[in-house]
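Below are the chains, spelled out letter by letter.
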Amino acid sequence: MPLIYVDALDDPRLDAYARLTEAQLRSKLEPERAIFIAESEKVIERAFEGGMEPLSLLMEEKWLDAMAPLIARMEERAAQRPGGKLPVFVAPHDELKRLTGFELTRGALGAFRRPTLPALDDVLRKARLVAVLEDITNHTNVGAIFRSAAALGVDAVLVSPACYDPLYRRAVRVSMGTVFQVPWTRIGDEGAPNRPGCGTWSGQGIAELHDRGFTIAAMALSDESVAPDELNALLVERAATDGTPAKLALLFGTEGEGLAPATIARCDYTVRIPMAHGVDSLNVAASSAVAFYAFRQLSQLGRKVR
């Protein structure tokens, strides 16, 4: 295990951890150099198991023994690429405390090569239950939705061009690394004006989903909405009648305003979760978990067919 001990974070080899902004890490102008940061041993392991390419690690010395088996596996994979090394930087605890939120990372950080996003067809090829995130601008909610999607069997997540990045450091951490387990990509025309809340993406995006056989349901407050149980029963009955698998895309909107009116108008159904005590809505992360559970049968049926 080649260890590199550093006394301070001003070492330029630690720029990805200590100085580069999320925008700089994404490196849109040079995508081949784009990086994301994974925090904590569990998240680092899930990134590695998800096929992500590790570039380096940064941790306190006390974590070396616990992470030694994982580091050995990562070094074995690194040896297969040009250069063949995985730098493991070891820094004092007091220095690492200077990193925002480091106390939450359980002692370890990992820098990984940002992967190229897969094509929509590759993500949807076997999918039956899909979540679509329109312009969600809270990294905690993005991460929480991915965690619920992984736990409740959602086959894929699609994000609009204006939705926050699922590989942002906080989103990855909140998801507990499940962003590396659930297939995802962006949907809609990224070249079109895509201000949060305008619904521009859905002109192309919903058409792409319809073309692939998906029923589209907007999670929104509406007098014409149906309950999840009603739509679930309808889709299952329809699939049994015509012999084709039910495929559902659930759309979730930005915090506060919800889905854009233009997006809702393009959907096949509007779904509303029944609530008590005068509560009219849930946080988008909470509502996604309820919806994923309500429609889990669709994904389970798809797995039986595969």
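Rules and cut-offs
Residues numbered from 1 in each chain as written. Predicted model: local features only at pLDDT ≥ 70, side-chain atom pairs only at ≥ 80, totals over all residues. Heavy atoms only, no water. pLDDT = per-residue confidence, 0-100. Helix = DSSP H or I, 4+ residues; strand = E, 2+ residues; numbered from the N terminus. Buried < 20%, exposed > 50% of the residue type's maximum accessible area, 1.4 Å probe, protein only. Patch = residues over 30% accessible without salt bridge, like charges linked within 9 Å, V, L, I, M, F, W, Y side chains within 5 Å. Areas by Shrake-Rupley, 256 points an atom, 1.4 Å probe, with all protein chains shown as cover. Salt bridge = Lys/Arg side-chain N within 4 Å of Asp/Glu carboxyl O. Pairing = 2+ DSSP bridges. Axes fitted to C-alpha atoms, helices over the stretch in contact; angles between N-to-C directions. Contact = heavy atoms within 4.5 Å. Phe/Tyr/Trp six-rings, centres within 6.5 Å; stacked < 30°, edge-to-face > 60°. Lys NZ or Arg CZ within 6 Å of the ring centre and 35° of its normal.

### Here we look at the confidence of the model for the chain
Per-residue confidence for the chain averages 88 on the pLDDT scale, and 91% of its residues sit at or above 70. Ranking the helices and strands of the chain by mean pLDDT puts strand S7 (residues 156–159) first, with 98, and helix H13 (residues 296–305) last, with 65.

### Here's the deal with unusual backbone geometry
At Asp-135, a residue that is not glycine, the phi angle is positive and equals roughly 55 degrees. Take Asp-135: its relative accessible area is 3%, and that puts it in the buried class. In the Ramachandran plot, Met-176 falls in the positive-phi region, its phi being about 60 degrees despite a non-glycine side chain. Checked against the element boundaries, Met-176 lands in the loop between helix H8 (169–175) and strand S8 (184–186).

### Topic: a nonpolar patch on the surface
On the surface, Met-275, Val-279, Leu-282 and Val-290 cluster together into a nonpolar patch covering about 280 Å² of accessible area. As for its position among the elements, Leu-282 is in the loop between strand S11 (269–271) and helix H12 (284–294). Take Leu-282: its relative accessible area is 38%, and that puts it in the partly exposed class.

### Brief notes about the sheet that holds strand S2 (residues 35–39)
What the five strands build is an open sheet, ordered S1-S4-S3-S5-S2; its pairing is mixed. Edge positions in the sheet fall to strand S1 (3–5) and S2, since each of these pairs with one other strand and no more. When the angles between neighbouring strand axes are averaged without regard to direction, this sheet yields 25 degrees. Pairing of strand S3 (residues 53–59) with strand S4 (residues 88–90), which is carried by three bridges, proceeds in the parallel orientation. Residue pairing for S4: Leu-57 is matched across the bridge by Val-88. The sheet contacts of helix H3 (residues 41–49) involve S2, S3 and strand S5 (108–113), and relative to S5 the element is tilted by about 20 degrees.

### Some points on the packing of aromatic side chains
Applying the stated criterion across every chain, the model contains four aromatic pairs. A centroid spacing of 6.3 Å and a plane angle of 85 degrees characterise the contact between Phe-146 and Trp-184, whose relative ring orientation is edge-to-face. Of this pair, Phe-146 sits in helix H7 (residues 139–151) while Trp-184 sits in strand S8; the two residues are 38 residues apart in sequence, bridging distant segments of the chain. What makes Phe-146 buried here is its relative accessible area of 0%. An aromatic cluster is present here, built from Phe-36, Phe-112 and Phe-180 joined pairwise through their rings. A cation over an aromatic ring shows up here: Arg-77 above the ring of Phe-48, its NZ or CZ 3.7 Å from the ring centre. Over the ring of Tyr-293 we find Arg-296; its NZ or CZ atom is 3.8 Å from the centre of that ring.

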